[in-house]
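Single-letter residue listing:
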Amino acid sequence: MTGGAAAPPLRVVGVSKSYEVGDSLARVIRDLTLQLDSGEIVSIVGPSGCGKSTLLNVVSGLLPPTSGEVFWHGRKLAGVPANAGYMLQKDLLLPWRTALGNVVLGLEIKGADRTDAQDRAGAMLDRLGLHGFADAYPGTLSGGMRQRVALARTLVTDPEVLLLDEPFASLDFQSKLLIENDTAALVRGERRSVLLITHDVEEAVSMSDRVLVLSQRPTYVIRTYVIDLPGSRTDMMEARKSHGFQDYVRSIWNDLQAPKR
Amino acid sequence: MTDAALTLLPEAERRARRRTRLSRASAILVCQIALLAVFLGLWEWATASDRAVAFLFGSPSAIWGFLVQMWRDGSLFRDTYVTGVETILGFVVGNVLGTVLGLSLWYSQFVARIVQPFIVALGSIPIIALAPIMIIWFGTGLISKVAMATLSVVVVALVTAYKGAMSVDPDNVNLFRTLGASKLQIFRRLVIPSALSDIFAGLRMTVGFALIGAIIGEFMSSSEGLGHAIFKAGSLYNIPKVFAALVATIALALFLTWLVGKLERLLTPWKNVG
């Protein structure tokens, strides 16, 4: 298969993943298939411990699947995908680097020109409302600001696809809404694709074009919701107030509480 | 700024807070000096009345007398300098060797598992038992003392550096991998800086070990150094002079510890904030 422009950025086909635990086999993912189209935000919700994070690690090439295949732009995944940004609930900022130093990390590893990289990193911090904090060490920043630095680090390498694993879960409600707004604006403005793993159903519905509901372990997609809400989809408060929002949330909640096997 | 959490306090407020902190620090210092003065006073008083007691325990005034005498004849500086050089050289060689080996074990879990029992075995050797061999191998001069100090340091440095390297957050390693980092890049940009705080904990601990190693070496066979002075004065039942050399040893240890702390603050500036 060759990667053409039409191939979706990410396709997961019949992926299963199991671990050996002593003499027994723990099955985490069972025959899971999903697709992420260009410029699309897709959320994955599932009961806690269902293997969402394992799925993300398989998709990002950190763990090999037991069976099935992962395609990036139509090409079978070998190693780590080049054009993906990865962000977890933990900000994973390096305490010995300043905010700017942390943002610059990805560009540095990819061997970018130093001054150019610093300019881009500084600009990204500014766009995320961290103007004037470039030289601050992470230890001096609040949780919300740290996660913004992590977001800047993720976005500055200009990834086509963002893989986010509960990135805002540890933030308070207000910080969360604000950073969600900024993420949506930055992603939708540049037509990046996002795979967002979350346990927050409201976050999933307000952020996404589609929501995939996963089953208990071994997990697979039990239901897909196409989220059709009015507005620009970059204002999470507006999305929460809009007509139909609560219906999606209720319905997804029901799916999560009575998982169909 | 939507969630700015870092704003500077007004200048006056900051000054006031700094003053409060300072006055508490000076109160602690005053109490420490008072405690020392009471201790020395009691010592002096207890030894002033009885010559036999003064012979066995020395007295602060006699110790001071010897310190002044050793300062005048240059031996105080000379012995401290000799022991200091032996300690610093052994400290540096042992830590560099141990840290490099310990960190590089991060590279291969396989090799680390193979060498682990050998490291434990080496670590369990009482260093003093190696002193005669060191004297035979390296003579009675500087090198044998440096070797003793190095041996006292190297295994601890190796173990702390390895522990530091292995305590890197695996999620952080994954982050580096998704950014396309090579193993060398992960090692240089993540593992080494992560291990720094453990390495510095090891440095602070091994200053004392290096000094012990050097002094044991001097006890065995030497012609100068604080260990030599202590040993010689002890054999002549000159207790105040033993204490005087001990005071110099303590001063040397404090100075070297202070130096390491200074180095740590210099090399890990992110720890001083907040």
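Above this text you will find the structure in question.
Throughout, a residue's number is its position along its own chain's written sequence, starting from 1. Chain letters and ligand numbers both follow the written order, the letters beginning at A and the numbers at 1. A pLDDT threshold of at least 70 governs which residues receive local features in this predicted model, and a stricter bar of 80 or more applies before side-chain atom pairs are shown or counted, although totals over entire chains, interfaces and linings include all residues.

1. A short note on the overall build of chain A
Working definition: helices are DSSP H or I runs of at least four residues, strands are E runs of at least two. Numbering for both runs from the N terminus. On a plain count of helices and strands, chain A comes out with eight helices and 10 strands. For a compact globule of 261 residues, the expected C-alpha radius of gyration is about 18 Å, and chain A comes in at 18 Å, within 12% of that figure. Expressed along its principal axes, the backbone C-alpha trace of chain A runs to roughly 50 × 45 × 40 Å. Exposure classification rests on a simple neighbour count of other C-beta atoms within 10 Å of a residue's own: a residue reaching 20 or more is buried, one at 12 or fewer is exposed, and one in between is partly exposed. C-beta atoms are placed from the backbone. Buried positions account for 48% of the 261 residues belonging to chain A. Long-range contacts, defined as pairs at least 24 residues apart, comprise 71% of the intrachain contacts of chain A with a sequence gap of at least 6. Every radius of gyration here is taken over C-alpha atoms, with the globule rule written as 2.2 Å times N^0.38, N being the number of residues. Contacts here follow a simple rule: the backbone-placed C-beta atoms of the two residues must lie within 7 Å.

2. Observations concerning unusual backbone geometry
Going from arginine 217 of chain A to proline 218 of chain A, the amide bond is cis rather than trans, its omega being -15°. Along the polypeptide, proline 218 of chain A turns up in the loop between strand S9 (210–214) and strand S10 (221–226). Positioned with a positive phi, arginine 233 of chain A is a non-glycine residue whose angle comes to about 65°. Structurally, arginine 233 of chain A is set in the loop between S10 and helix H7 (236–241). Despite not being glycine, tyrosine 237 of chain B has its phi angle at roughly 55°, a positive value. Residue placement: tyrosine 237 of chain B occurs in the loop between helix H10 (226–235) and helix H11 (239–267).

3. Looking at the nonpolar core
Structurally, a nonpolar core is described as a collection of buried Ala, Val, Leu, Ile, Met, Phe, Trp, Tyr and Cys residues joined by way of C-beta atoms within 7 Å. Membership of the largest hydrophobic core comes to 126 residues, with the highest contact counts inside it found for Val103, Leu125 and Leu195 of chain A. If you tally residues by element for this core, the top one is helix H9 (residues 183–220) of chain B, at 15 residues.

4. Describing the interface of chain B and chain A
With 20 residues of chain B in contact, the opposing surface of chain A contributes 27 residues. Elements with a contribution of two residues or more to the side of chain B that touches chain A: helix H8 (170–178) and H9 of chain B. In terms of residue count, the dominant contributor to the side of chain B that touches chain A is H8 of chain B (six residues).

5. Considerations on the pairing of strand S2 (residues 24–36) of chain A
Examined bridge by bridge, strand S1 (residues 10–21) of chain A and S2 of chain A share nine bridges and lie antiparallel to one another. Bridging across to S2 of chain A, glutamate 20 of chain A finds its partner in leucine 25 of chain A. At least two bridges found by DSSP between two strands is the condition for calling them paired.

6. Focus: the packing of H9 of chain B against H11 of chain B
All names here are of chain B. Angles here are taken between N-to-C directions and fall from 0 to 180 degrees, while the axes themselves are lines fitted to C-alpha atoms, restricted in helices to the stretch in contact. For the pair H9 and H11, interaxial distance at closest approach is 10 Å and the crossing angle is 160°. By the criterion of interaxial angle, the relationship of H9 to H11 is roughly antiparallel. Note on packing geometry: the crossing formed by H9 with H11 is right-handed. Of H11, the residues touching H9 (which contributes Phe200, Leu203, Arg204, Val207, Gly208 and Leu211) are Leu252, Ala253, Leu256, Thr257, Val260 and Glu264. When residues are grouped by polarity, Ala, Val, Leu, Ile, Met, Phe, Trp, Tyr, Cys and Pro land in nonpolar, Asp, Glu, Lys and Arg in charged, and all others, Gly among them, in polar. Its residues assigned to classes, the contact of H9 with H11 shows eight nonpolar, two polar and two charged. Roughly parallel means an angle under 35 degrees; roughly antiparallel means over 145; roughly perpendicular covers 65 to 115; every other angle is labelled oblique. In this scheme the handedness of a crossing depends on how the near helix is turned from the far one: anticlockwise by less than a right angle means left-handed, clockwise means right-handed.

7. A closer look at the environment of threonine 54 of chain A
All names here are of chain A. Note on placement: threonine 54 falls in helix H1 (residues 52–59). Owing to 19 C-beta atoms within 10 Å, threonine 54 belongs among the partly exposed residues under this scheme. Taking the C-alpha atoms as reference points, threonine 54 and glutamine 147, separated by 93 residues in sequence, lie 22 Å from one another. What threonine 54 contacts, discounting residues up to four positions off in sequence, is Lys17, Val28, Ile29 and Leu63.

8. Focus on H11 of chain B
Residues and elements named next belong to chain B. The end-to-end C-alpha distance of H11, which contains 29 residues, comes to 42 Å, matching closely the 42 Å that a straight helix rising 1.5 Å per residue would cover. Among all positions in H11, only Pro240, Lys241, Val242, Phe243, Ala244, Ala245, Ala248, Thr249 and Leu252 are buried. Where H11 is buried, its residues contact helix H3 (60–72), helix H4 (75–104), H9 and H10. To estimate how far a helix should extend, the number of its residues minus one is multiplied by 1.5 Å.

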